[in-house]
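Structural overview for review
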Amino acid sequence: MERDAFLTRVRSGISGATLPPAPELDPGPLTPELADVDLVERFGTVLATLDGTLHTGDPRAAIEEIIAHHGPGPLLAWDDEHLPLPDAVHRFLQSGCARTDGVVPHSAEKRLTHQGGYFDVLYGLTGAEAGFAETGSIVVRSGPGRPRMASLVPLVHIALLPSDRIFRSPMHWLTEHGADVAAVANTVYITGPSRTADIEQRLELGVHGPREVHVVVIE
Amino acid sequence: MTTSTFSERGAAAVGSAAAAAVGDGARHLIEKRAAAVDAYPAMDAMRDRVREIRLHTLAHLDAYLADFADSVEAAGGHVFFAADADEANAYILGVAGEAGAELVVKSKSMVTEEIELNGALEAGGLTIVETDLGEFIVQLSGDRPSHIVAPVLHWTKEQVGHLFADQLGVPYADEPTELNQIARTHLRRIFLRADMGISGVNFAAASTGTIAIVTNEGNGRLTTTAPRVHVAVMGMERVVPTVEDLGVMLEVLGRSATGQSLTTYTNLITGPRRPDDDDGPDEFHVVIVDNGRTAVLGDEVSEVLACIRCGACLNICPVYRTVGGHAYGDVYPGPVGSVLSPILFGFEGREELPYACTLCGACLEVCPARIDLPSLLVNLRERVAQEGTAFSWLDRPLDAYEFAATHPTMWTASIDGASLAGRANRGGWFKRLPWRGKTWTSVRNLPAPAVTSFRRWWKKHHGA
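Residues numbered from 1 in each chain as written. Chains lettered and ligands numbered in written order. Predicted model: local features only at pLDDT ≥ 70, side-chain atom pairs only at ≥ 80, totals over all residues. Heavy atoms only, no water.

A word on the pairing of strand β10 (residues 283-289) of chain B. Residues and elements named next belong to chain B. Counting buried positions along β10 yields six of seven residues, so the element is predominantly enclosed. Here strand β7 (residues 229-235) runs beside β10; their pairing, made up of seven bridges, is parallel. The residue bridging M234 from the neighbouring strand is I288, located in β10. (Buried < 20%, exposed > 50% of the residue type's maximum accessible area, 1.4 Å probe, protein only. Helix = DSSP H or I, 4+ residues; strand = E, 2+ residues; numbered from the N terminus. Pairing = 2+ DSSP bridges.)

Residue and element names in this part refer to chain B. The strand order across the open sheet formed by six strands is β1-β10-β7-β4-β2-β3, and the pairing between neighbours is parallel. The open sheet has two edge strands, β1 (78-82) and β3 (127-130), and neither has a second partner. Within the sheet, the average angular offset between the axes of one strand and its neighbour, ignoring direction, is 20°. The sheet contact formed by strand β2 (residues 103-106) and strand β4 (residues 196-199) spans three bridges and is parallel. Residue pairing for β4: K106 is matched across the bridge by I198. Across the sheet, helix α4 (residues 61-74) is in contact with β1, β7 and β10; its angle to β1 comes to roughly 150°. (Axes fitted to C-alpha atoms, helices over the stretch in contact; angles between N-to-C directions. Contact = heavy atoms within 4.5 Å.)

With that settled, the discussion passes to helix α2 (residues 17-38) of chain B. All names here are of chain B. Between its first and last C-alpha, α2 extends 32 Å over 22 residues, near the 32 Å set by a 1.5 Å rise per residue. Listed as buried for α2 are A19, V22, G23, G25, A26, L29, R33 and A36. For α2, the elements touching its buried residues are α1 (6-13), α3 (43-59), α12 (243-258), α14 (312-316), α15 (318-323) and α17 (362-366). (Expected span 1.5 Å × (residues − 1).)

A separate point is the interface of chain B and chain A. Of the residues lining the interface, 111 residues belong to chain B; the matching set on chain A comes to 91 residues. Around 8,100 Å² of area is buried between chain B and chain A when both sides are counted, 56% of it from carbon and sulfur atoms. By the criterion of area lost to chain A, the three top residues of chain B are B:R184, B:R221 and B:D278, representing 9% of everything that side buries. Linking chain B with chain A are five salt bridges, by the criterion used here. Linking B:D282 and A:R111 is a salt bridge whose minimum nitrogen-to-oxygen distance equals 3.7 Å. For the pair chain B and chain A, the number of links is 47 residue pairs in polar contact (both at pLDDT 80 or more). Its residues assigned to classes, the side of chain B that touches chain A comprises 49 nonpolar, 30 polar and 32 charged. In terms of strand pairing, strand β9 (residues 186-190) of chain A meets strand β9 (residues 265-269) of chain B through five bridges, oriented antiparallel. (Buried area = accessible area lost by both parts, 1.4 Å probe. Salt bridge = Lys/Arg side-chain N within 4 Å of Asp/Glu carboxyl O. Polar contact = N/O pair within 3.5 Å; in protein donor to acceptor, adjacent residues only side chain to side chain. Nonpolar A, V, L, I, M, F, W, Y, C, P; charged D, E, K, R; others polar.)

Working note: non-glycine residues mostly have negative phi, and peptide bonds are mostly trans. Residues and elements named next belong to chain B. In this model, N291 sits at a positive phi of 45°, which is unusual for a non-glycine residue. Take N291: it is sitting in the loop between β10 and α13 (293-297). A relative accessible area of 15% places N291 in the buried class. One non-glycine residue, R309, lies in the positive phi region at around 60°. Here R309 shows up in the loop between α13 and α14. Residue classification places R309 among the buried residues on the basis of a relative accessible area of 14%.

Following the criterion strictly, the structure yields nine aromatic pairs over all chains and no others. Pairing B:F136 with B:F164 gives two aromatic rings, centres 5.9 Å apart and planes at 55°, and the pair type is tilted. You can see B:F136 sitting in helix α8 (residues 133-141) and its partner B:F164 sitting in helix α9 (residues 157-168), a full 28 residues away along the chain. Grouping residues by exposure puts B:F136 and B:F164 together as buried. Members of the aromatic cluster, joined through ring pairs, are A:F132, A:W173 and A:Y189. Sitting above the plane of the A:F119 ring, B:R188 keeps its charged end 5.4 Å from the centroid. Across from the ring centre of B:Y40, 3.4 Å away, lies the NZ or CZ of B:R255, which sits over that ring. (Phe/Tyr/Trp six-rings, centres within 6.5 Å; stacked < 30°, edge-to-face > 60°. Lys NZ or Arg CZ within 6 Å of the ring centre and 35° of its normal.)

All quantities given are derived from atomic positions and should not be read as evidence of function.
In structure tokens, the structure reads:
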């Protein structure tokens, strides 16, 4: 249907509507009133309930611990310049991990071959724009050098989060940084590992996305 | 919509293993929701905000849809306005044709079920694969989803194991962990080859053209990232003014649906992949679907369009928990479906839906948009009653009642429980009554009267 005809029809629907009164929107704050807490501590507690892990302290030691646990494997990582820990990628390579290229070609055929190369990567290494203490979530934004797939296809996702980017709740971040959302093609809130409870309501991790999510705090 | 009635389908479902599983699942979700709400002191304030934003948007829907379309186009996306299911399906087929698509992946979406997109695309020669684990099971088996957010509440793990063994050629397994792994491996190969991804839209922000798609599994992200083309299909009422308003919706959606403070992946998409981006789709289309919504908007029950599709009213509904989702006969079950379906798809064959409710009010208690579903159902009941024909099955028992009530001797005899009690089952319910009572008990059980009638009791205790 033509856009104008469609919208005219909608308008005629509204004119017949008996909607409850809809006042103009309250311009007041949209942030929920929540108790003051230690943000890092709260973040870690909530993330743990979601089967994710928050690493505070020496970030390099945290990365080495993760690699020691799973052994070397293919890595899909953001470019160094987008990571708040300059030698993070290097740590993986030093431990015997091979890095996969994250740039997906536009052509159908090349796309197939390329994505096939990293659909079974073990590690994904990304930065994080923000963290939400209340929900244990991180915000990850796409862009050049910041492939979306790095936080999606690996079994183990490691996100590097600067400590001064932890916000009280999603709305505390969004009301300050709402414009950042649409400035890129994809902004995702990641709240723990991929999960499903479709079969008999039993929780299973890693159904399509990562089975492990490690948030490493960078001071 | 099938030709059977709600009461026929409901009566068949009561006591079945499938309905029992849906009931158990729903009770589990009720507990999870309650815990999440307890842990979030701002819930009531946010629900007020949600209602305000939703009603405001609906009152200016044409303007917000125009803004939204402009914003999507400014971000490099395409917008199509579909008056009905056929227009939506034809457009999506056209996009697939131009992109040379053969294999299409989908992430769970109610509106695509409403418009029966899969059938239309298959008729056009495309292969469609549902990627939400529950929907994947539904599709493989040819079954239908029984719950908005948990489509296979009615399946056991053994049934899934046999299905996978039969359909995917894998060894039988019945541990959810193994079943999950089988699905992950199988669907990864599909995602890799898929040309086009189709998703629903949980919410859309008019000012930026951003759409939100929430999934727990991550299939929503793979569907909208791996293929070359992404088509997002949305009911026209999904829009809100800004990204911040969209954030307010997210504050209540996960908590109300599954007791999660946020769903695992909240995917916010603004247009296709940007010129220097590493990955993401080259093309992005949004299909805005009316398909009867304008009629709902102009109806006395228009408030129902404020629904955010969390499913909380289904879980809390004693009728839904007893009969399961299929008895409702349409894509949208439970209290919200009983309001929406008759207006969206027509009253015919749906006259009973407004009565599939005890008016207990629990759905209003939990609705994150505070939609007054009980009042809307009463409104629809009035209209069904005024139409006059829908409840012909009730005429004969009512005639019987009228006859007995106006003939004192007959009345006394008929309410003398001793003459009837022998027919009741051990629970004190009649499952089958003779003569005129038969019509009533063909659709519901009747509680057996007390063995001693009130008249007899009064006479004995108070003399006369």
